[in-house]
Amino acid sequence: MEATHSAGQRLLLISSSIVTSLALAAGSAVAQNGTAAAPIPPVTFTAQQDQQNMMRQLGIRALRPGPSGNEKSPNHANYDETKAGPYPDLPDALRLNNGRKVTTPQVWWSKRRPEIVDDFEKYVYGRVPTNVPKVTWSIVAADHEVIGGNPVLARQLVGHVDNSACPIISVDIRMTLVTPEKATGPVPVLIMFGPGGFPAPKQPSYQELARINAAMKALLIQQDPSLRQVFQDHPAYEPERPVPFRFPHFNADGDPPRTWELIAAGWGFATLDPASIQADNAAGLTRGIIGLVNQGQPRTPEQWGALRAWAWGAGRALDYLKTDPSVDGEHVGIEGVSRYGKAALVAMAFDPRFYMGLIGSSGKGGATPFRRNFGEAVESLTGGEYYWMAGNFMKYGASDAAFGSKTAADLPVDSNELIALCAPRLTFISYGIPEKGDAKWLDHRGSFMATVAASPVYTLLGVKGLVGVSQDYRTAKMPPVNDGLLGGRLAWRQDDGGHTDAPNMKYFIEWADKRMLHSSASGERAH
Ligand code: GCU
């Protein structure tokens, strides 16, 4: 049975923790003067306090420790394929919870998909509260730049979240949108999780720089007249120098940066800063968008974790992009690597307005099945990484709790179904190789199995899923490194690079372009 708590119980749970003296003090102030409720100050927890608070809410007394990533450590993660399948059966995306087989798209859309969404929300990633305030986007600066020889327009945007209900917490989502200036019409855009900023800020001309330097020297002399002599002694010295030309970082395959490739292909891209949506740490759960909605109080077990919050932010970025005339709002994708690969997959799965996704090295909590015992474990995600997930997810790492104990096998859903939620949209599962740093921890084979197991949903919906491989995830043979399975709308490619999707970017663009019938040369696109 689910642990549910009334508001009163919740307050008790929270108040048994260290910080509550604050909350209680505020509460009694309200009671004494009897006036309208004064806002309760936001809770400031350490990561440990927050986790313990959630454990108390769930009735968990102890968690199984996660394995170590270090193969020399005695409790290291399993890397023996023969021991990877203690729970070999993935839940069937095409079987209703009542046991019936799903045989028509209609039943998928009206019954099965909502069931899977509901289970992921309740037990895995958490629900987005219904009262998330509105986001208002504004362009704060624009710059004409050049990327890989192509002129672009770069715009810095801020999505301000209405915080009038809790002014002490502010959330301003940062996004940079970059579109090719030569485009003859709206372009497809890939939203990429990352810090952002202007990619190639336009620099002052030689003459402008000379004026800046003259003014700076004058100001410095004003501040310290003896500097006149210094400048006279060093006539060639200039406080500001032109930014030297730097060769871009080409990847191991000799490819230019991913953003160059996108612009050269006639796409745009947007970098979206996850930290401006929700901090990547547990102590931040009472701040950011999750904290703002809770007015600074800790989460309840079904509420969203950081992955869902980042995905929500991507959805708000998409809201904006759909209003921008330079963007083809019907062809916006989402990209991320590692924890942001997980977030990108969550965004694709929950928001059907995303046309495509490039899911880089996402591992557990992303494309890798929870049920596989290889590398990172559910116990890793319920340990230090629990804040990525709904509080409820922690139950599956519990060894001693009011409800007994649970393991990955008790999860009603698995990652093959998360991928299936993306059907029939373009979903590219990307990995590198352990030898170059895409650690075994990620469980490449497990992700491949989940991708295979998701494919029948694409088929049911009348499009090609993963092409060129058997549809049985238990026996399907993984293609060799650099041999992509790119013939359908669900794609798999393990490149020979590291913990990055950069070597796969050109394959992704070509694959998606073909399906959009997008021709960057003519600017024509049919849907
Ligand atoms: C850790 C974590 C992974 C995660 C990765 C990252 O390895 O266990 O789940 O994907 O960090 O995001 O860098």
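That block above? That's the structure.
## A few points about the packing of helix α9 (residues 306-321) against helix α10 (residues 339-350)
- Two elements in contact, α9 and α10, have axes separated by 8 Å at closest approach and are oriented at 60 degrees. Viewed along their axes, α9 and α10 adopt a mutual orientation that is oblique. Seen from above, α9 lies across α10 with right-handed handedness. Residues Leu307, Arg308, Trp310, Ala311 and Ala314 of α9 pack against Arg339, Tyr340, Lys342, Ala343, Val346, Ala347 and Phe350 of α10.

## Let's talk about the pattern of salt bridges
- Counted by the stated rule, this structure contains 28 salt bridges.
- The shortest N-O distance in the salt bridge between Asp351 and Arg353 comes to 2.8 Å.
- Asp351 gets classed as buried once you look at its relative accessible area, which sits at 15%.
- Within the structure, one salt-bridge network assembled from shared partners comprises Asp118, Glu121, Arg127, Glu302 and Arg308.

## Some thoughts on unusual backbone geometry
- In the segment running from Ala423 into Pro424, the intervening peptide bond is cis, with an omega of 0 degrees.
- With respect to the helices and strands, Pro424 occurs in the loop between α12 (415-420) and β10 (426-431).
- Not every positive phi belongs to a glycine, and Asp443 is a case in point at roughly 60 degrees.
- The residue Asp443 is located in the loop between β10 and α13 (444-460) in this model.
- Of the residues examined, Asp443 reaches a relative accessible area of 0% and is grouped as buried.
- Positive phi outside glycine occurs at Asn482, with the angle close to 75 degrees.
- Along the chain, Asn482 turns up in the loop between α13 and β11 (490-494).

## Focus: the packing of aromatic side chains
- Taken as a whole, this structure holds 19 aromatic pairs when the rule is applied.
- Arranged with centres 5.9 Å apart and planes meeting at 85 degrees, the rings of Trp304 and Trp312 form a pair that is edge-to-face. Of the two residues examined, Trp304 and Trp312, each falls in the buried class.
- On the numbers, 5.5 Å between centres and 80 degrees between planes, the contact of Phe428 with Trp511 is edge-to-face. Of the two residues, Phe428 sits in strand β10 while Trp511 sits in helix α14 (residues 502-516), which places them 83 residues apart along the sequence. The burial state of Phe428 is the same as that of Trp511; both residues are buried.
- Positioned above the aromatic ring of Phe403 is the side chain of Lys395, whose terminal nitrogen or guanidinium carbon lies 5.7 Å from the ring centre.
- One cation-aromatic arrangement involves Arg493 over Tyr507; the distance from NZ or CZ to the ring centre is 3.6 Å.

## Concerning the nonpolar core
- Core analysis: the biggest nonpolar cluster contains 108 residues, and Val124, Tyr125, Ile289 and Phe370 have the highest contact counts within it.
- It is α9 that provides the largest number of residues to this core, a total of eleven residues.
- When neighbours within four sequence positions are excluded, Ile289 is seen to be in contact with Val132, Val161, Val171, Ile277, Gln278, Trp304, Ala309 and Trp312.
- In terms of nonpolar packing, the next biggest core, distinct from the first, is built from 23 residues, Ala154, Leu262, Tyr355 and Trp511 among them.

Calculation rules
Residues numbered from 1 in each chain as written. Predicted model: local features only at pLDDT ≥ 70, side-chain atom pairs only at ≥ 80, totals over all residues. Heavy atoms only, no water. Axes fitted to C-alpha atoms, helices over the stretch in contact; angles between N-to-C directions. Helix = DSSP H or I, 4+ residues; strand = E, 2+ residues; numbered from the N terminus. Parallel < 35°, antiparallel > 145°, perpendicular 65-115°, else oblique. Left-handed = near helix turned anticlockwise from the far one by under 90°. Contact = heavy atoms within 4.5 Å. Salt bridge = Lys/Arg side-chain N within 4 Å of Asp/Glu carboxyl O. Buried < 20%, exposed > 50% of the residue type's maximum accessible area, 1.4 Å probe, protein only. Phe/Tyr/Trp six-rings, centres within 6.5 Å; stacked < 30°, edge-to-face > 60°. Lys NZ or Arg CZ within 6 Å of the ring centre and 35° of its normal. Core = buried A, V, L, I, M, F, W, Y, C linked by side-chain atoms within 4.5 Å.

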